[in-house]
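What the coordinates show
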Amino acid sequence: MIEVDSLDELRRSLAGSVLTPADAEYDAARRCFNALVDRRPSAIARCAGAADVVTAFDFARSHRLEVAVRGGGHNPAGHCVTDGGLVLDLTRLRAVEVDGEARIARAGGGSTWLDFDPATQAFGLVTPGGVVGSTGVCGLTLGGGIGHLTAQHGLTCDNLVGAELVTPDGTVVRASEDENAELLWGLRGAGGNFGVATSLELRLHPLERVVGGAFAYAGPRARDALRRFRDVAAGSPRDLSLQASLSVDESLEPALVVLPCYTGADADPEALRALRSAPGLVDDGVGAHTFLEQQRVVDSAYGENRHYWKGHFVRELPDELIDELLARVVALGRPPGGILIESLHGAPKDVDPSFGVAGFRGAAFNISAQAVWLDPALDEQYIGWARETAAALEPWSLGGGYVNYMQADEPIERVRAAFGAEAFDRLQALKRRYDPDNVLRRNQNIPPG
Ligand SMILES: Cc1cc2nc3c(=O)[nH]c(=O)nc-3n(C[C@H](O)[C@H](O)[C@H](O)COP(=O)(O)OP(=O)(O)OC[C@H]3O[C@@H](n4cnc5c(N)ncnc54)[C@H](O)[C@@H]3O)c2cc1C
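Residue indices follow the written sequence of each chain, beginning from 1 at its first position. Per-residue local features of the predicted model are confined to residues with pLDDT of at least 70, and side-chain atom pairs are confined, for both listing and counting, to 80 or more; whole-chain, interface and lining totals are unaffected and use all residues. Each side-chain value is derived from all of the structure's non-hydrogen atoms; neither hydrogens nor water enter the calculation.

Right, let's get into the sheet that holds strand S8 (residues 160-166). When DSSP finds two or more bridges between a pair of strands, those strands are recorded as paired. Helix numbers and strand numbers start at the N terminus; a helix is a DSSP run of H or I with at least 4 residues, a strand a run of E with at least 2. Spatially, five strands are ordered S5-S6-S10-S8-S9 in an open sheet, and the strand pairing comes out antiparallel. One side of each edge strand has no neighbouring strand; the edge strands of this open sheet are strand S5 (96-99) and strand S9 (172-176). Pairs of neighbouring strands in the sheet enclose a mean axial angle of 15°, with direction left out of account. In terms of strand pairing, S8 meets strand S10 (residues 196-203) through six bridges, oriented antiparallel. When the sheet's bridge partners are listed, Leu165 is paired in S10 with Ala197. We call two residues contacting when some pair of their heavy atoms lies within 4.5 Å. Orientation is described by lines fitted to C-alpha atoms, with helices fitted over the stretch in contact, and by angles between N-to-C directions that extend from 0 to 180 degrees. Helix H4 (residues 113-121) contacts S5, strand S6 (104-108) and S10 of the sheet and is inclined by roughly 25° relative to S5.

Shown next as structure tokens:
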């Protein structure tokens, strides 16, 4: 427990505010996306700027409190909240400044895509972000970033050009190509291991309208539809990003949703024709709309469901693996949540691997078993389903998994494999420089070694 006097002192020294269990807002502020994670921090410091982050780090150090960093609160591992420690809550840092001429956006440390996209669209510009608006811009970018514009403009972190960071010793550090370039390399995929980003600078691209939405397939032909999705992605259309979600229908048979996002000039592109004519189509919700409408195609309830995600980057999606996925999605005998299949064709492959630490751009797809349920009595069954489904992917895995989707129980070997041994050594050297005491360990952790 922190003494009341100390908390008062913290309150006085922050431009932002402090929440404790005595405050009415505390329960909502400690809630994270995943209802499986229910932790009670001693205090939540709502930082109003870099100086507040410095003060909060200082307070945590002098009171020996574990630190958690909260951006959009969406990490499925629940890394944004800690039991008994101090949460550095960035939700007041949501400003997004856009330089339309330079085509750069500066996003506050706690901004979400709901803040970012309207701000950049006011200039007719975008960066490739996440598919759910309420996800944190910084959290997602620092872990890589896969979404509706991946094929066109790469991973989100491929568009990261600068950052302002507060390190746990209270130093404010800038990272760009000209300044601390090695740190910028590590920020392009290795998460919040080195400091709290009070802002990130992202490159922007002109785009206002897309052809997108969802195709839904069901019935015995869902297998053929999934093969068609795979074949369209294999053609690597540069102006079409693709993801798919496999789940079950009311009769517990496989059902597939494909989410295309086309940005080319063709009024009737062949790739979309191929998806539309795939067997088993039961709903065609694909058409022309604004980018902001596209960013609303997917949504997910916050803090209500229990989640456990586990997956692999795979080098290919052969028929054999498709059959395996179709068997796994019905294996639980009740709706399991789903299996997300994100294509990594196109722009991620153009980027030199030395550009950033995100090590998965060589994969064909990111496949994730996403168990979603409500009843705590079913925890074991659902967690078991996700683990077994991920295990079934192993023969096709490139090794490692996507740090943005990892649960907290992943062993360090899997985090190391996500980057590769050589890159992991470089990350450990960065960690020793910027966070030698591993203050920032509530993440997919890179220990200082
Ligand atoms: C519904 C949903 C949809 C998602 N969609 C996508 C998607 O389309 N594409 C994709 O790639 N990922 C997606 N993700 C995964 C998401 O990108 C990661 O879980 C990410 O960590 C979430 O960031 P956050 O700020 O919202 O989460 P938080 O839980 O607030 O933060 C997670 C961790 O990120 C780090 N972090 C966050 N902000 C900062 C900061 N300013 N400075 C330093 N470290 C920071 C910290 O280590 C923090 O503990 C999705 C997750 C959910 C739940």
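Geometry of aromatic contacts follows a simple scheme: Phe, Tyr and Trp rings, the Trp one being its six-membered ring, pair when their centres are within 6.5 Å, and the pair is stacked under 30 degrees between planes, edge-to-face over 60, tilted otherwise. The full count for this structure, using the stated rule, is 11 aromatic pairs. Both rings, one in Phe360 and one in Tyr402, keep their centres 5.4 Å apart while their planes meet at 70°; by these two values the pair is edge-to-face. On the criterion of sequence distance, the pair formed by Phe360 in the loop between strand S17 (337-343) and strand S18 (365-373) and Tyr402 in the loop between helix H12 (379-393) and helix H13 (412-419) is long-range, its members being 42 residues apart. Grouping residues by exposure puts Phe360 and Tyr402 together as buried. An angle of 75° between the planes, with centres 4.6 Å apart, marks the rings of Tyr402 and Tyr405 as edge-to-face. Just as Tyr402 is buried, Tyr405 falls in that class too. Among the aromatic residues, ring-to-ring pairing joins Phe33, Tyr302, Trp309, Phe313, Phe360, Tyr402 and Tyr405 into one connected group. The ring of Trp185 carries Arg426 above its face, with NZ or CZ at 3.7 Å from the centroid. For every residue, the accessible area obtained with a 1.4 Å probe (protein chains only) is divided by the maximum for its type, and the residue is called buried under 20%, exposed over 50%, and partly exposed between those limits. Note on criteria: charge over ring means Lys NZ or Arg CZ within 6 Å of the ring centre, with the direction from the centre no more than 35 degrees off the ring normal.

This part takes up empty space enclosed by the protein. A water-sized probe, rolled over the atoms, reveals where empty space remains. Buriedness for pockets is judged along seven lines, at least five of which must meet protein on both sides within 12 Å for an open set on the 1 Å grid over protein atoms alone, while cavities are sets there where a 1.4 Å probe fits but cannot get out, and lining residues have an atom within 4 Å of a point. Grid points are joined across faces, edges and corners, and a volume is the space filled by probe spheres set on the points. Counted according to the given criterion, the structure contains two cavities of 30 Å³ or more. Here the largest cavity defines a volume of roughly 60 Å³. Around the largest cavity, the lining residues are Trp309, Lys310, Gly311, His312, Asn366, Ile367, Ser368, Gly401, Tyr402, Tyr405, Met406 and Arg414. Within the residue set of the lining of the largest cavity, elements represented by two or more residues are strand S16 (306-314) and S18. Among the elements that line the lining of the largest cavity, the one with the most residues is S16, at four residues. Note on residue categories: nonpolar means Ala, Val, Leu, Ile, Met, Phe, Trp, Tyr, Cys or Pro, charged means Asp, Glu, Lys or Arg, and polar means any other residue, Gly included. Looking at side-chain class alone, the lining of the largest cavity contains five nonpolar, five polar and two charged residues. Counted as a void, the second largest cavity has a volume near 40 Å³. In this structure, the second largest cavity is lined by Gly143, Gly189, Ala358, Gly359, Phe360, Gly401, Tyr402, Val403, Ala418 and Phe419. Across the lining of the second largest cavity, the residue classes tally to six nonpolar, four polar and no charged.

This part is about the sheet that holds S18. Strand pairing in a sheet takes place through backbone hydrogen bonds and is either antiparallel or parallel in direction. Pairing within the open sheet is antiparallel, and its seven strands lie in the order S15-S12-S14-S13-S17-S18-S16. Looking at strand neighbours, the two that pair on one side only are strand S15 (281-290) and S16, the edges of this open sheet. Direction aside, neighbouring strands of the sheet carry axes that sit 15° apart on average. Where S17 and S18 come together, seven bridges link them in antiparallel fashion. If you follow Ile341 over to S18, its bridge partner there is Ile367. Where helix H8 (residues 222-234) meets the sheet, it contacts strand S12 (209-218), strand S13 (240-248), strand S14 (254-262), S17 and S18, and its direction lies at approximately 160° from that of S13.

For the second largest pocket, the calculated volume is near 290 Å³. Along the walls of the second largest pocket sit 15 residues, with Arg61, Pro168, Asp435, Asp437 and Val439 positioned nearest its centre. By residue class, the composition of the lining of the second largest pocket is eight nonpolar, no polar and seven charged.

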